[in-house]
Amino acid sequence: MKKSLKIIGVFVLIIIILVFLGCIWAKGLKKDQRITKEKMKLIIDAYPKFDESVNMFSDKRNILYEFKDELYFETLSENVTYWNTFIDEYAEGIKKLEEASKVLKKNCVVNFGDVNTNSKCTAFKANYEAAHNYYISDAISFNKLVENYDEWNEKNGNKAEQVKKANFPVYKKYIDYDKDGEYFGKVEVKDNE
């Protein structure tokens, strides 16, 4: 009888331990679900601001390309103030995009069980990489134009004002943010552009 009481006692003790561990597991699962939902909400809430900054950056880029084909040394020298201001504003646009992406960069590191959240993260990664790589390509191209302009200006007695070169406020080299082996938005800049 004592032996069967010991077996029943051990069995009850095992059941109590299993119930206790099950409660701890369930509590941890609830906490993980709450944290995941909070992260999903942060992503959904942060994406419109990021998307707006991408659109503003794109608008600035369109202005650059609108005038790019007609940008000769003479026209550049006639509008130095405009181009110096523009290139600063263009750099400011990429800085604002970087600022708007902080929450998304922090939270879009895993796949979620929600299609809407995952699509926002996928779009964020593609747009983030493209915007930065486009900016780098444009800055390199613009800086080559400024170098050629400086040579032209020097040959003409430095009569024209100095044009600022574009700076690289976030990244100095092309990025592969989503680690897919491709540099989305990277444009090879040719010397004759």
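Here, every reference points to the structure presented above.
Owing to the predicted nature of the structure, the values given are computational and were not obtained by experimental measurement.

**Student:** How would you explain the overall build of the protein if you had to name every residue and give the values?
**Tutor:** The helix and strand inventory of the protein stands at five helices and zero strands. Counting from the amino terminus, helix and strand elements in the protein follow one another as α-α-α-α-α. Relative to a compact globule of 193 residues, whose C-alpha radius of gyration would be 16 Å, the protein shows 28 Å and is clearly more extended. Structurally, the protein occupies a C-alpha span of about 110 × 25 × 20 Å along its principal axes. Buried positions account for 30% of the 193 residues belonging to the protein. By sequence separation, contacts in the protein at least 24 residues apart represent 79% of the contacts at least 6 residues apart. When the accessible surface of the protein is split by element, carbon and sulfur atoms take 58% of a total near 13000 Å². Distance from the positive charge centre (31 side chains) to the negative charge centre (31 side chains) of the protein: 17 Å.

**Student:** Tell me about the pattern of salt bridges, and please be specific about residues and values.
**Tutor:** Throughout the structure, instances matching the rule amount to eight salt bridges. Salt-bridge contacts for glutamate 92 lead to lysine 95; the nearest nitrogen and oxygen are separated by 3.4 Å. On the criterion of helical spacing, the pair formed by glutamate 92 and lysine 95 is a turn pair, its members being three residues apart in helix α3 (residues 80-100). With relative accessibility at 34%, the residue glutamate 92 sits in the partly exposed group.

**Student:** Give a detailed account of the side chain of asparagine 107, specifying residues and quantitative values.
**Tutor:** Examined against the element boundaries, asparagine 107 turns out to sit in helix α4 (residues 102-107). Classification of asparagine 107 by relative accessible area gives buried; the value is 5%. For asparagine 107, the residues in contact, after removing those within four places along its chain, are Lys39, Leu42, Ile43 and Phe112.

**Student:** Lay out the environment of lysine 159 with the relevant residues and their values.
**Tutor:** Among the structural elements, lysine 159 can be located in the segment after α5 (115-155). Sequence separation of lysine 159 and serine 77 is 82 residues, and the distance between their C-alpha atoms is 9.1 Å.

**Student:** Let's hear about the state of the cysteines: which residues, and what values?
**Tutor:** Overall, the coordinates contain one disulfide when judged by the stated rule. Residue cysteine 108 pairs covalently with cysteine 121 via a disulfide, S to S 2.0 Å. One disulfide, between cysteine 108 and cysteine 121, carries an S-S torsion of -75 degrees and so falls in the left-handed class. On the criterion of sequence distance, the pair formed by cysteine 108 in the loop between α4 and α5 and cysteine 121 in helix α5 is long-range, its members being 13 residues apart.

Cut-offs applied
Residues numbered from 1 in each chain as written. Predicted model: local features only at pLDDT ≥ 70, side-chain atom pairs only at ≥ 80, totals over all residues. Heavy atoms only, no water. Helix = DSSP H or I, 4+ residues; strand = E, 2+ residues; numbered from the N terminus. Rg over C-alpha atoms; globule rule 2.2 N^0.38 Å. Buried < 20%, exposed > 50% of the residue type's maximum accessible area, 1.4 Å probe, protein only. Contact = heavy atoms within 4.5 Å. Areas by Shrake-Rupley, 256 points an atom, 1.4 Å probe, with all protein chains shown as cover. Lys, Arg positive; Asp, Glu negative; His and termini not counted. Charge placed at Lys NZ, Arg CZ, Asp CG, Glu CD. Salt bridge = Lys/Arg side-chain N within 4 Å of Asp/Glu carboxyl O. Disulfide = S-S within 2.5 Å.

Keep in mind these numbers describe shape, not what the thing actually does.
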